[in-house]
Amino acid sequence: MDNLVLSDWLYLISALGVIIALIGNVGGIIRNRNKEAARLAGMEKDIKHIREKVDINDVTMKSIDSKMDGIDKRLVAVESSTRQAHKRIDEWRSLL
């Protein structure tokens, strides 16, 4: 092994090139995974925030719905009272 021929050196250089390329690719893959993990963590945080806002909106909508139910009942009572008042007014007009 004292005398390495040119082809032996080329094999060695090629092998080293392949190893260096593999190391570079593995490093790139790891960096991409870290970037992707950070991006996904940000998305999870955003989704959590959106869920919280949706829950708050659900509570608000339920409150509004119950208020609307109360307003509907009161409106029905006012309409009924108005009808009765008109009937009484019509009766008084017929007496005059």
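Residues numbered from 1 in each chain as written. Predicted model: local features only at pLDDT ≥ 70, side-chain atom pairs only at ≥ 80, totals over all residues. Heavy atoms only, no water.

A. A look at the overall build of the protein chain. Scanning the protein chain from terminus to terminus reveals one helix and zero strands. The C-alpha radius of gyration of the protein chain comes to 41 Å, more than 25% above the 12 Å expected for a compact globule of 96 residues. Projecting the C-alpha coordinates of the protein chain onto the three principal axes gives extents of approximately 135 × 20 × 10 Å. Split into buried and exposed, the 96 residues of the protein chain put 1% on the buried side. (Helix = DSSP H or I, 4+ residues; strand = E, 2+ residues; numbered from the N terminus. Rg over C-alpha atoms; globule rule 2.2 N^0.38 Å. Buried < 20%, exposed > 50% of the residue type's maximum accessible area, 1.4 Å probe, protein only.)

B. Seen up close, a nonpolar patch on the surface. Side chains of Leu4, Leu6, Trp9, Leu10, Leu12 and Ile13 sit close together on the surface and give an oily, nonpolar patch of about 610 Å² of accessible area. Within the fold, Leu6 resides in helix H1 (residues 6–95). The exposure class of Leu6 is exposed, given its relative accessible area of 63%. (Patch = residues over 30% accessible without salt bridge, like charges linked within 9 Å, V, L, I, M, F, W, Y side chains within 5 Å. Areas by Shrake-Rupley, 256 points an atom, 1.4 Å probe, with all protein chains shown as cover. Salt bridge = Lys/Arg side-chain N within 4 Å of Asp/Glu carboxyl O.)

C. Inspection of the environment of Leu10 at higher detail. Among the structural elements, Leu10 can be located in helix H1. Judged by its relative accessible area of 48%, Leu10 falls in the partly exposed class. Considered as a pair, Leu10 and His49 are 39 residues apart in the sequence and their alpha carbons are 58 Å apart.

D. Broad picture of the pattern of salt bridges. Counted by the stated rule, this structure contains one salt bridge. Measuring nitrogen to oxygen at the nearest pair gives 2.7 Å for the salt bridge that ties Arg39 to Glu36. Of the two residues, Arg39 and Glu36 both sit in helix H1, three residues apart, roughly one turn of that helix.

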